[in-house]
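# Residue-level structural notes
Take a look at the letters that make up each chain.
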Amino acid sequence: MARPQPLVAGNWKMNGMLADLAEIEAVRDAVDAGGGGGAEVLICPPATLIVAAAKLVQGSRLKIGGQTCRSEISGAHTGDVSAAMLKDAGATYVILGHSERRASYGETNAAVRARAISALDLGMSAIICVGETKAEREAGRATSIVGRQLLGSVPAHPDPSRLVIAYEPVWAIGTGLTPTNADVAAMHRFIRGEIERLVPAGGSDVRLLYGGSVRPRNAAELMAIADVDGGLIGGASLDVDDFMAIAGVYREDVKAAASA
Ligand code: 13P
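Just so we're clear, the structure is a prediction, and the values are computed from it rather than from any experiment. (Residues numbered from 1 in each chain as written. Predicted model: local features only at pLDDT ≥ 70, side-chain atom pairs only at ≥ 80, totals over all residues. Heavy atoms only, no water.)

### What about the packing of aromatic side chains?
- Inspection of the entire model under this criterion finds one aromatic pair.
- It is Lys134 that lies over the ring of Trp171; its NZ or CZ is 4.5 Å from the centre. (Phe/Tyr/Trp six-rings, centres within 6.5 Å; stacked < 30°, edge-to-face > 60°. Lys NZ or Arg CZ within 6 Å of the ring centre and 35° of its normal.)

### Some remarks on the nonpolar core
- Core analysis: the largest hydrophobic core is formed by 63 residues, its most contacted members being Ile24, Val27, Ile165 and Ile191.
- By size, the runner-up hydrophobic cluster in this structure holds twelve residues, among which are Tyr93, Ile127, Cys129 and Leu232. (Core = buried A, V, L, I, M, F, W, Y, C linked by side-chain atoms within 4.5 Å. Buried < 20%, exposed > 50% of the residue type's maximum accessible area, 1.4 Å probe, protein only.)

### What about the side chain of Arg115?
- Summarising the element assignment, Arg115 is placed in helix H5 (residues 109-121).
- When near neighbours in sequence (up to four residues on either side) are disregarded, Arg115 contacts Thr68, Cys69, Arg70, Ser71, Leu96 and Glu107. (Helix = DSSP H or I, 4+ residues; strand = E, 2+ residues; numbered from the N terminus. Contact = heavy atoms within 4.5 Å.)

### What about the packing of helix H1 (residues 21-32) against helix H10 (residues 240-247)?
- For the pair H1 and H10, the least separation of the axes is 10 Å and the interaxial angle reads 30°. In terms of orientation, H1 and H10 fall into the roughly parallel class. Remark: the crossing between H1 and H10 carries right-handed chirality. Judged by residue contacts, Glu23, Ala26, Val27, Ala30 and Val31 of H1 engage Val240, Phe243 and Met244 from H10.
- Residue composition of the contact of H1 with H10, by class: seven nonpolar, no polar and one charged. (Axes fitted to C-alpha atoms, helices over the stretch in contact; angles between N-to-C directions. Parallel < 35°, antiparallel > 145°, perpendicular 65-115°, else oblique. Left-handed = near helix turned anticlockwise from the far one by under 90°. Nonpolar A, V, L, I, M, F, W, Y, C, P; charged D, E, K, R; others polar.)

### Details of the pairing of strand S5 (residues 125-130)
- Taken across its six residues, S5 has six buried, putting it largely inside the fold.
- Here S5 shows a buried face lined by Ser125, Ile127 and Cys129 and a second buried face lined by Ala126, Ile128 and Val130.
- Direction of pairing for strand S4 (residues 93-96) relative to S5: parallel, over a ladder of four bridges. Looking at the pairing, Ile95 lines up with Ile127 of S5.
- For S5 and strand S6 (residues 163-167), the ladder comprises five bridges, and the chain directions are parallel. In the sheet register, Cys129 faces S6, and the bridge partner there is Ala166. (Pairing = 2+ DSSP bridges.)

### Some details on the pattern of salt bridges
- Applying the stated criterion across every chain yields a total of 15 salt bridges.
- With a closest N to O distance of 2.8 Å, Glu100 and Lys13 form a salt bridge. Of this pair, Glu100 sits in helix H4 (residues 99-105) while Lys13 sits in the loop between strand S1 (7-11) and H1; the two residues are 87 residues apart in sequence, bridging distant segments of the chain.
- On the basis of relative accessibility, which here comes to 34%, the residue Glu100 falls in the partly exposed class.
- Residue Lys13 is classed as partly exposed on the basis of its relative accessible area of 21%.
- Here the salt bridges do not stand alone but share partners, grouping Glu25, Arg28 and Asp29 into one network. (Salt bridge = Lys/Arg side-chain N within 4 Å of Asp/Glu carboxyl O.)

### Let's talk about the environment of Pro46
- As for its placement among the helices and strands, Pro46 is situated in the loop between strand S2 (40-44) and helix H2 (50-56).
- Overall, the relative accessible area of 13% leaves Pro46 in the buried class.
- Taking the C-alpha atoms as reference points, Pro46 and Asn11, 35 residues apart in sequence, are found 8.7 Å from one another.

Here is the structure:
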């Protein structure tokens, strides 16, 4: 059965000044020259750059997304942005429930679900992040934690083509550490099963990304794992060459061979 188009997404986190729009132009040109292979390529810069970045990618295959949003459309929420504002600025995706936001702002599964609903209702795509801490993995609780996050944060009846799940083990983010390929495979198999249960109409087509210390040196083996439909890239997305090296792993022939 044909798999959905993979997605390679760069999460710039709190990095990026106006001068760094040149990086987005460079990625845009590389993607439009075929550098992303068979993958859809997305950059999520800080909110301050979205308007300008979205203008730069008009007519390009490169997409622009936000890094979070609130569920309300507008209101007295100092410092926050809504999905409607992200869409208005030109974003077509939004990352939700990243572990850094769950940790720093106490974002709950219920809040993540409400935000995902607001983004999906506006026709945007939502990337919901899940993942266990080191202590939870060592206690043998990784799947139960991820299962609970999925149950609590995935909306009912989403459009499967616009829902993305990113498995990001907290201990692998920015550390240079990654789970073994077997552990990634086992977790993605578990997530696929849960998503097929939670989204009976099309759960097998929801893209599942792996994130956490993806680098050019390990991208090919991580992305070849069954049920890994792309990556959510932090640090390595800040370097055009590294990011394009990772995105380029998804040449259609390579993925076809991997899933044959
Ligand atoms: P790193 O790729 O820097 O480990 O970050 C992963 C991440 O948090 C992407 O959302």
